Amino acid sequence: MKTRFISLFAAVALVAALVSYAVAHDMEDMDSGSDSGGTGAMGQMGAHMKMSDHMTMTETRPMTPADTQRGEQIVATMRAKLVKYEDYKVAMADGYLPYMESVPQDVYHFANREATASEYMGDFDLARPGSLLYEKKTFGGYKLVGAMYDAPAGDTPEQLDALIPLSLSHWHAHTNICLPKGVTEEDVMNGNVAARMRPDISSAARAPEEFGRGTGAGDSVRMRVGYLADPRFGFTGTISNQPDCEAADGNFHKQIFGWMIHVYPFASDDLKVAFSLEAP
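All figures in this text were calculated on a predicted structure; none of them were measured in a lab.

Focus: the state of the cysteines
Phase 1: Under the criterion given, the structure shown has 1 disulfide.
Phase 2: Covalent S-S linkage joins C178 and C245, the inter-sulfur distance amounting to 2.1 Å. Note on the C178 and C245 pair: the S-S dihedral is about 85°, so by sign convention the disulfide is right-handed. Separated by 67 residues along the polypeptide, C178 in strand β6 (residues 172–180) and C245 in helix α8 (residues 242–247) bring together distant segments of the chain.
Phase 3: For C178, a relative accessible area of 0% puts it in the buried group.

If you want it as structure tokens, here you go:
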């Protein structure tokens with residue numbers, strides 16, 4: 001039972017975040033009337049990351065010669081071990097499956113359940129990241145650009161620094177998350193975000209005003225993503241503190257899931273590019 005729970009925990013860590021960004025993307029399209037893919041919040045997933053109420057990042061440490069050497073070794077190891085995944089079909093055969101493939105993104109996460117679960121248990125292996133990062137090619141297929149690694153939520157800065165130096169980049173965590181009444185952290189971990197979780201928003205006739213503008217596209221979003229269609233809740237929700245969450249009859253979580261970091265070893269020999277917070 002414990003192994004199954006950890007596996008679900010790890011596998012849905014990324015899913016929940018992606019679903020939340022997908023909602024933001026859909027809602028932005030509703031507002032703008034545009035169906036262009038990469039301009040919404042989902043289009044920015046993995047491309048640009050910054051500190052916010054819902055994203056906590058480790059502090060930058062001064063660069064040392066030892067960190068530079070470690071960074072070069074990390075890039076070299078990743079290139080040698082991950083080059084086989086330039087063929088995304090090989091990655092899929094090894095258990096790396098795309099999330100939200102139908103939603104336009106700058107960077108697509110191909111996540112491996114077992115590898116991610118191992119990382120959340122403290123087993124860090126540069127050759128087996130929890131997720132591979134791809135860009136979609138214009139004429140079909142995917143281009144490998146990097147990988148995402150995970151670490152336990154309880155890891156200290158010193159422990160994270162031992163994995164990938166804090167002078168090279170920032171580890172990030174999803175924090176200050178408000179979930180609506182009736183939706184637990186376990187529901188999120190298991191991906192139970194469908195409209196059946198919130199029957200009060202499963203139709204336009206019963207949907208609160210702030211969830212959308214009438215029928216049509218808004219209905220589709222509500223049916224597809226359930227409680228996350230309410231912009232107050234989730235990983236990009238407007239609520240980011242416990243008092244406001246309790247006032248909305250929600251349940252507050254200081255942090256959900258563990259630490260994460262993106263690395264782009266194929267982008268450049270320049271460590272500032274390889275360990276950038278922006279996708280190449």
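Picking up after the structure, the text goes on.
Re helix α2 (residues 65–82)
Phase 1: In a regular helix each residue adds 1.5 Å, so 18 residues correspond to 26 Å; α2 covers 26 Å between its end C-alpha atoms and thus fits that length.
Phase 2: Among all positions of α2, only D67, G71, I74, V75, M78 and L82 are buried. What you see down the axis of α2 is that its buried residues fit within an arc of 95°, all on one side. Turned more than 90 degrees away from the buried face of α2, the exposed residues are P65 and A80.

Here's the deal with the side chain of N112
Phase 1: Within the element layout of this structure, N112 appears in the loop between β3 (108–111) and α4 (113–120).
Phase 2: A relative accessible area of 3% places N112 in the buried class.
Phase 3: Polar contacts involving the side chain of N112 include one to the main-chain amide nitrogen of E114, which spans 3.0 Å.
Phase 4: Separated by 2.9 Å, the side chain of N112 and the backbone nitrogen of A115 make a polar contact.
Phase 5: With residues near it in sequence (within four places) discarded, N112 still touches D94, G95, Y96, R128 and G130.

A short note on the nonpolar core
Phase 1: Core analysis: the biggest nonpolar cluster contains 30 residues, and L132, Y149, W171 and F275 have the highest contact counts within it.
Phase 2: Only α2, β3, β4 (131–136), β5 (142–151), β7 (250–263) and α9 (271–274) provide two or more residues apiece to this core.
Phase 3: At 5 residues, the largest contribution of residues to this core is made by β5.
Phase 4: In terms of nonpolar packing, the next biggest core, distinct from the first, is built from 13 residues, L133, I177, M260 and A279 among them.

Overview of the side chain of N176
Phase 1: By the element assignment, N176 lies in strand β6.
Phase 2: Excluding residues within four positions of it along the chain, N176 makes contact with D53, H54, I239, S240, F252, H253 and K254.

So, the sheet that holds β5
Phase 1: Taken together, 7 strands build an open sheet; the order of strands is β1-β6-β7-β5-β4-β3-β2 and the sheet is antiparallel. A single partner strand is all that each edge strand has here, and the edge strands are β1 (55–57) and β2 (97–98).
Phase 2: Against the sheet, α2 engages β4, β5 and β7, with an angle of about 120° to β5.
Phase 3: Against the sheet, α4 makes contact with β3, β5 and β7, and its axis sits at roughly 30° relative to β5, the strand it touches most.

Calculation rules
Residues numbered from 1 in each chain as written. Predicted model: local features only at pLDDT ≥ 70, side-chain atom pairs only at ≥ 80, totals over all residues. Heavy atoms only, no water. Disulfide = S-S within 2.5 Å. Helix = DSSP H or I, 4+ residues; strand = E, 2+ residues; numbered from the N terminus. Buried < 20%, exposed > 50% of the residue type's maximum accessible area, 1.4 Å probe, protein only. Expected span 1.5 Å × (residues − 1). Arc of directions from axis to C-beta. Polar contact = N/O pair within 3.5 Å; in protein donor to acceptor, adjacent residues only side chain to side chain. Contact = heavy atoms within 4.5 Å. Core = buried A, V, L, I, M, F, W, Y, C linked by side-chain atoms within 4.5 Å. Pairing = 2+ DSSP bridges. Axes fitted to C-alpha atoms, helices over the stretch in contact; angles between N-to-C directions.

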